Amino acid sequence: MEHDIKAILSQMTMEEKAGLCSGLDFWHFKGVERLGVPSVMVSDGPHGLRKQDESGDHLGINDSIKAVCFPPAVLSACSFDRELMERLGDVIGCEAQAADLAVVLGPGVNIKRSPLCGRNFEYFSEDPYLAGEVAAAFVKGVQKHHVGTSIKHFAANNQETRRMTCSSEADERTLREIYLPAFEKAVKEAQPYTVMCSYNRVNGTFASENDWLLNKVLRDEWGFEGLVVSDWGAVNERVKGLAAGLDVEMPASGGITDAQIVAAVKDGTLDEAVLDQAAERILTLIFRYEEHREQRELTLEADHAFARKAAQESMVLLKNDGILPLKADESVLFVGEYAEKPRYQGGGSSHINSFKVSDAMSAAKKLGTVSFAKGFSGAEDIYDEALAAEAIEAAKKADKVVVFAGLPDSFESEGYDRAHMDLPACQNRLIAELAAVNPNLVVVLHNGAPVTLPWLDKARGLLEAYLGGQAGGEAAADILFGVVNPSGKLAETFPVKLSDNPSYLNFGGKETVEYREGVFVGYRYYDKKEMAVNFPFGHGLSYTTFTYSNMKLNSADMTEGETLSVSVDVTNTGAVAGKETVQLYVGDRTGKVQRPIRELKGFAKVELAPGETKTVTMTLDSRAFSWYSVELHDWYAFSGEYEIAVGASSRDIRLSETLSYRTNRALPLHIGINTTIGDLLENEKAKPLGEKLIRMMDAFFGADSQGDSDAASEAMGDDMMDAIAASQPLRGIVSFGIMTPEELQSEIAKYTD
Ligand code: BGC
């Protein structure tokens, strides 16, 4: 039955409408019983259900129902697979219907600004394009079931330090190009039912009361139709928040802020239309869900199988010096507690009560000849002499050694940031000692964010399992033994050391945190600085090899508003079937504005049998070439040359072409007495004036180097004269007496828009 939302709204009292604007308790939106509006339940989280039946908390403290822990965002993003992400959403949407949840509180799309952010494991990438693509796919999948998502945390929530009060200070271009596009993409393409505003302030104003963010950008510009919900406890001033576009405060406010809303409408400080609109949005969400209830049961085993597949498609083979895959008849020693008890999810609000957890050791026993030595205990950083000695002795006798290393729970979690980028010292020491007795060493990492790799040259193989979800252990064993050919690609860079990271000098601020690196986040920075990294963004190996050929642009020129189609043939040149993610990067070669060397603007994952070739086609629109001009309040790309590059990673560019791009728009030129002649020369319209002034200056100073004495031209070459003229403000023309102020003004007037 379809409900007439407007009719219901018209029957509601002001108190009832204000009541809807805050939670009933920790996990429920309120209903209005007398009008047949049910209360609905929401729940974390991004990678599985954390439905709490008993006492609620937003920190993952109390128990929740038995559910399936799918791979957290840090891993699933590495699939670079929109279909897989949509399927993941679909499966979680089914579970939500079975568990009677109207909204799943995810996905988390904040950009990984620093490897230190305690919640990086819940976020997708350092790259906004990738984060936006996988987020939109996930949202579509969940919402197929009329279960809402809550894309979070909006916005610029990139550290846990003082997350509830700290102000993220970023210029608008940086916000628009790096920190907002993942939200924008998901909103425009998938309309999440809800957006969760973040705890922090953005340029001084709380996200929960930020009119610019919530009303102007999110709604007016992007066309968001859903409701904005606060992060749990993010409300500072409720009435201000409502006016700024925050519809629902979570959790319950004990009626206090509802009363503030009523009082504000009564005393005229809040327009009742704002309240009506919020109430209407909430009713819309409630009935969207209630009108489409699906009769379902939780299908835990089937969903576990999907969690395994998602992990298989996402884990990243970082290094393989011919040591992998392992063979069934080799004697293999697994070392490290994580082989038996994997660290497969992070701590905090996304923590899932898994109905079962698979481990690599049990899975590997079915695939090969594997023995186990604990080597170290996962919980803390203590080098245990006895455990280490036992592992080293066993390693001497094995054909190959696989160390299951990783970060203990306490090293990374919601609520605080990491103190450093290292693995526990006891693990680094043991890995080096094992490599010394057996060079056939592979490391499998369990971590939510990059770590330093001091033993990298001693390990012949390295598998980044990240936090694999509850079936991650099986997935890791499948990849190690070659049952599955790895196909994940890194969604972030592994810098060599923490101090290489662009936010290093400005991360973790308390009152404020300044985003001084601007748009140069992740590979955008490392590439610009030509810095060596351990593993670049987009990197990931396979047990087969791929070649790229026959790259084609459908045209060598493009005008703003048109699209460009890029195709390339990919061939599997190895002996086993595999999947490759072809990445498409665009680089601005106009030299007219400071930009990254190249940025990801497309990707496609293809499956290829040995010897098979497929043509991959991707499309670029004008936005793919553009940077955000604060002056135009719009995306803009200069006319000129752009590099279109395809590759297997951000640093493994296989083919590239040059495109000539043309726009008919020009940046506005405001000509005044401090405009330089160079500014005029660079502007197509004002160029004649610039040239005229140079001629006048040349004539005035007699600066024709041809006739000058040797000494004079040595002192002042043509290049220097050009440079001086280019930086000469127009006021000089008057002070030298070349023109009168009136003459200059009348020249300027001819060229002013
Ligand atoms: C987290 C959110 C989460 C909410 C509810 C907050 O502390 O920041 O991501 O959805 O709690 O558990």
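Residues numbered from 1 in each chain as written. Predicted model: local features only at pLDDT ≥ 70, side-chain atom pairs only at ≥ 80, totals over all residues. Heavy atoms only, no water.

Draft legend 1. Fine view of the sheet that holds strand 14 (residues 369–373). One open sheet holds the six strands; their spatial order is 12-17-16-15-13-14, and the pairing between them is mixed. The open sheet has two edge strands with one neighbour each: strand 12 (316–320) and strand 14. Taken over all neighbouring pairs, the strand axes of this sheet differ in orientation by 20 degrees on average, direction set aside. Two strands pair when backbone bridges link them, and strand 13 (residues 331–335) and strand 15 (residues 400–406) are joined in this way by four bridges, in the parallel orientation. Across the sheet, the residue bridging to Val335 is Val403, located in strand 15. In this fold helix 15 (residues 425–437) packs onto strand 13, strand 15 and strand 16 (441–446), with an angle of close to 170 degrees to the strand it touches most, strand 15. Contacting strand 13, strand 15, strand 16 and strand 17 (461–464), helix 16 (residues 472–480) crosses the sheet at an angle of about 150 degrees to strand 17. (Pairing = 2+ DSSP bridges. Helix = DSSP H or I, 4+ residues; strand = E, 2+ residues; numbered from the N terminus. Axes fitted to C-alpha atoms, helices over the stretch in contact; angles between N-to-C directions. Contact = heavy atoms within 4.5 Å.)

Draft legend 2. Layout of the pairing of strand 29 (residues 640–649). Burial runs high along strand 29: eight of the 10 residues are buried. As paired elements, strand 24 (residues 578–588) and strand 29 share six bridges and run antiparallel to each other. Within strand 29, the residue paired with Tyr585 across the bridge is Ala645. Here strand 29 pairs with strand 30 (residues 652–662) via nine bridges, running antiparallel. What sits directly across from Tyr642, in strand 30, is Leu659. Linkage of strand 29 to strand 30, two consecutive antiparallel strands, is achieved through a turn of two residues. (Buried < 20%, exposed > 50% of the residue type's maximum accessible area, 1.4 Å probe, protein only.)

Draft legend 3. Fine view of the domain arrangement of the protein chain. Segmentation of the protein chain into domains returns domain 1 (5–290), domain 2 (308–492), domain 3 (546–662) and domain 4 (677–750). Taking only C-alpha atoms into account, the centre of domain 3 sits 42 Å from that of domain 4. (Domains from an automatic or database assignment.)

Draft legend 4. Quick look at the pattern of salt bridges. Counted according to the given criterion, the structure contains 61 salt bridges. Notably, a salt bridge pairs Glu209 with Lys240, separated by 3.6 Å at the nearest N-O pair. Separated by 31 residues along the polypeptide, Glu209 in the loop between strand 9 (205–206) and helix 8 (211–221) and Lys240 in helix 9 (residues 238–243) bring together distant segments of the chain. In this structure, Asp247 engages Arg281 in a salt bridge whose closest nitrogen and oxygen atoms are separated by 2.8 Å. Taken together, the residues span a long stretch of sequence, with Asp247 in the loop between helix 9 and strand 11 (249–252) and Arg281 in helix 11 (residues 272–290) at a distance of 34 residues. In this structure, Asp247 and Arg281 share a single accessibility class: buried. Residues joined in a network through salt bridges with shared partners are Arg82, Glu133, Lys140, Lys185 and Glu189. (Salt bridge = Lys/Arg side-chain N within 4 Å of Asp/Glu carboxyl O.)

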